[in-house]
Amino acid sequence: MMKKYVIVGASAAGLAAAESIRKTDPSGEITVLTKEAYLPYSRPSISYYLKGVVTERDMLLRKPAFYRENRINIVTNCAVTKIDREKKIVKAGRKEYPYDKLCLATGSKPFIPPMKNVEGRKNALTFLDLACAKAVKKAANSKTRAVVIGAGLIGMKAAEGLAKICKSVDVVELAPRVLPSILDEKSAVSVKTHLEANGIRFHLGNTVTEAKVRNNAVTDVILKSGDVLPCDLLILAVGVRPETALAEKAGLEVNRGIITDPETMLTSDENIYAAGDCTVSVDMLDGSKKIIALWPNAVQQGIAAGSQMAGGNITTGGTYSVNAIDFFGLRICTCGLINAKGDIYGDRIKREGSSYKRLIFANGRLVGFVLINSSVNAGIYTRLISDGTDLSELQGDIMDDPSLFIFNKAVRTEKLTGGMKL
């Protein structure tokens, strides 16, 4: 009998799950439900859409024909309201979608802290998806004084896009540094200087407590420090939280995010899997349980979930944080435990002109890195981390630009040939 697969969510994890199912089960019925109005697109591209660098069509992850050819049914504008685990049915409005296996790839939602007079104002917008980006683009112009709350990845990509359009861009961040989730204190200093040189003003260690309002629009924001910033457009980018309401309502195990087996992505229901930003991940580098809301992680988990749903054996292979992003031409690559605390951790730093390299070590192994304008063969560093390579096996100085020649001859042969006898 032909299996029925239903996936809730059509971003990185949802699409990866659908493709993985189809590779494993050529005949099953695949239905992907998304509350958005669009076919799967690249969410990291919304800042480039804001700047006008890419069009909406450019952002599509697959051409429409791909879904027809692979018999993947994408249902847009479809907000799922309930999962009936006993009947194995997903409900969206008056429609019902039966499933044999279900994957929740519901992603995340903006976190908006309490601020007086902010919520619901017509020029207070989030920046998490294409609909948000369209609203921001419509609201911004050369006379706009923009204020962004949050100097994380989302906030800084919004600020970068707005800097090309607006009269001014101020960024307010509670942490004492920019990009606190991916940069350490040392590397954040040079990144902040680069961003300021491109017209962004920062108010670090600060937050918005209140907004002044006229005609349901924010006109000024008042900071904890007492400073007042004029504001025509307010971007709420403090952070995100896993979208778990559907899972909680269905009685699945949830603790901050949906709890899954970290290898197979199976939830507390034997017929339901979950993948992406809505889940709790186990960091393979230190065993900590955390939300790793990153595109590569979502794809990896979606592939594993889809394979397992269709009877395959692909697993996640372990999860850790990895980022590659640029701001005004400054390339930043980070990976692993960049803010680890404890006696077992140490680091080495190398600066040359505008490039910065920081490697973090523990127990004779590489466990993290921050590379700024220094990403030559960064994949080798990533491989050293994922493999847990004993650094005593390497030749030369690991702080130099890495290549396969840092490995001894036997290891090089293994990596180049996959162990095949030549």
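Placed above this text is the structure.
Residues numbered from 1 in each chain as written. Predicted model: local features only at pLDDT ≥ 70, side-chain atom pairs only at ≥ 80, totals over all residues. Heavy atoms only, no water.

Colleague: Would you mind showing me how to read the overall build of the chain here?
Modeller: When helices and strands are tallied, the chain shows 10 helices and 27 strands. Per-residue burial for the chain yields a buried fraction of 50% across its 422 residues. For the chain, the proportion of contacts with a sequence separation of at least 24, taken over those separated by at least 6, is 60%. Carbon and sulfur atoms make up 50% of the accessible area of the chain, which amounts to about 19800 Å² in all. Positive and negative side-chain charges in the chain, numbering 57 and 44 respectively, have mean positions lying 5 Å apart. (Helix = DSSP H or I, 4+ residues; strand = E, 2+ residues; numbered from the N terminus. Buried < 20%, exposed > 50% of the residue type's maximum accessible area, 1.4 Å probe, protein only. Contact = heavy atoms within 4.5 Å. Areas by Shrake-Rupley, 256 points an atom, 1.4 Å probe, with all protein chains shown as cover. Lys, Arg positive; Asp, Glu negative; His and termini not counted. Charge placed at Lys NZ, Arg CZ, Asp CG, Glu CD.)

Colleague: Quick question: what am I supposed to make of the sheet that holds strand S23 (residues 322-327) here?
Modeller: Either a parallel or an antiparallel arrangement is found when strands of a sheet pair, and the pairing is made through backbone hydrogen bonds. Pairing is antiparallel in the open sheet, where five strands are placed in the order S23-S24-S27-S26-S25. For this open sheet the edge positions go to S23 and strand S25 (345-352), each flanked by a neighbour on one side alone. Averaged over all pairs of adjacent strands, the angle between strand axes in this sheet comes to 15°, irrespective of strand direction. Sheet topology places strand S26 (residues 355-362) next to strand S27 (residues 365-372); seven bridges connect them, and they run antiparallel. For Ala-362, the partnering residue across the bridge sits in S27 and is Arg-365. Contacting strand S24 (330-336), S26 and S27, helix H9 (residues 378-387) runs over the sheet at an angle of about 155° to S27. (Pairing = 2+ DSSP bridges. Axes fitted to C-alpha atoms, helices over the stretch in contact; angles between N-to-C directions.)

Colleague: Looking at this model, I keep getting lost on helix H1 (residues 12-24). Mind explaining?
Modeller: An α-helix turns once every 3.6 residues. As a result, residues three or four positions apart point the same way. Helix length check: H1 (13 residues) gives 18 Å between terminal C-alpha atoms against 18 Å at 1.5 Å per residue, within 8%. Counting buried positions over the 13 residues of H1 gives 11, a clear majority of the element. Along H1, the residues that are buried comprise Ala-12, Ala-13, Gly-14, Leu-15, Ala-16, Ala-17, Ala-18, Glu-19, Ser-20, Ile-21 and Arg-22. Looking at the packing, one finds that the buried side of H1 touches strand S1 (4-8), strand S2 (29-33), helix H3 (64-69), strand S3 (72-75), strand S7 (101-104) and helix H8 (295-309). (Expected span 1.5 Å × (residues − 1).)

Colleague: Help me out: how do you make sense of the environment of Asn-313 in this one?
Modeller: Its place among the elements puts Asn-313 in the loop between H8 and S23. With 30 residues separating them in the primary sequence, Asn-313 and Asp-283 have C-alpha atoms 21 Å apart. Ignoring any residue separated from it by four or fewer positions in sequence, one finds Asn-313 in contact with Ser-307 and Gln-308.

Colleague: Can you help me understand the side chain of Ser-47 in this one?
Modeller: When you line up the elements, Ser-47 lands in helix H2 (residues 46-51). Overall, Ser-47 belongs to the buried group, its relative accessible area being 1%.

Colleague: Is there a simple way to think about helix H6 (residues 185-197) in this case?
Modeller: Here H6 contains 13 residues, and its C-alpha end-to-end distance of 19 Å stays within 8% of the 18 Å for a straight helix at 1.5 Å per residue. Along H6, the positions that sit buried rather than exposed are Ser-187, Ala-188, Val-191 and Leu-195. Seen along its axis, H6 keeps its buried residues to an arc of 100°; they face one direction. Residues Glu-185, Val-189 and Ala-197 are exposed on H6 and point more than 90 degrees away from its buried face. For H6, the elements touching its buried residues are helix H5 (153-163), strand S12 (200-204), S23, S24, S26 and S27. For H6, the capping residue at the N-terminal end is Asp-184, with a side-chain oxygen 3.0 Å from the backbone nitrogen of Lys-186. Immediately downstream of H6, the backbone of Gly-199 shows phi near 95°, a positive value. (Arc of directions from axis to C-beta. Polar contact = N/O pair within 3.5 Å; in protein donor to acceptor, adjacent residues only side chain to side chain.)

Colleague: Sorry if this is basic, but what is going on with the environment of Tyr-48 here?
Modeller: Mapped onto the elements of the fold, Tyr-48 is located in helix H2. Using a relative accessible area of 22% as the deciding quantity, one classes Tyr-48 as partly exposed. Residues Tyr-48 and Pro-230, spaced 182 residues apart in sequence, show a C-alpha to C-alpha distance of 26 Å. If near-sequence neighbours (up to four positions away) are discounted, Tyr-48 is found in contact with Val-53, Val-54, Lys-157 and Asp-326.

Colleague: Quick question: what am I supposed to make of the packing of aromatic side chains here?
Modeller: Ring pairs (aromatic) are described by centroid distance and by the angle formed between their planes. Within this structure, the stated rule accounts for three aromatic pairs. Seen in terms of ring centroids, Tyr-38 and Tyr-41 are 5.9 Å apart; in terms of plane orientation they differ by 90°. Their pairing is edge-to-face. You'll find Tyr-38 and Tyr-41 in the same group, each marked buried. Judged by centre distance (5.4 Å) and plane angle (85°), the rings of Phe-66 and Tyr-67 are edge-to-face. Relative accessible area serves as the criterion here: at 5%, Tyr-67 is assigned to the buried category. Between Arg-62 and the ring centre of Phe-66, over which it is positioned, the NZ or CZ distance is 5.7 Å. When the ring centre of Phe-111 is taken as origin, the NZ or CZ atom of Arg-241, which lies over that ring, is 3.9 Å away. (Phe/Tyr/Trp six-rings, centres within 6.5 Å; stacked < 30°, edge-to-face > 60°. Lys NZ or Arg CZ within 6 Å of the ring centre and 35° of its normal.)

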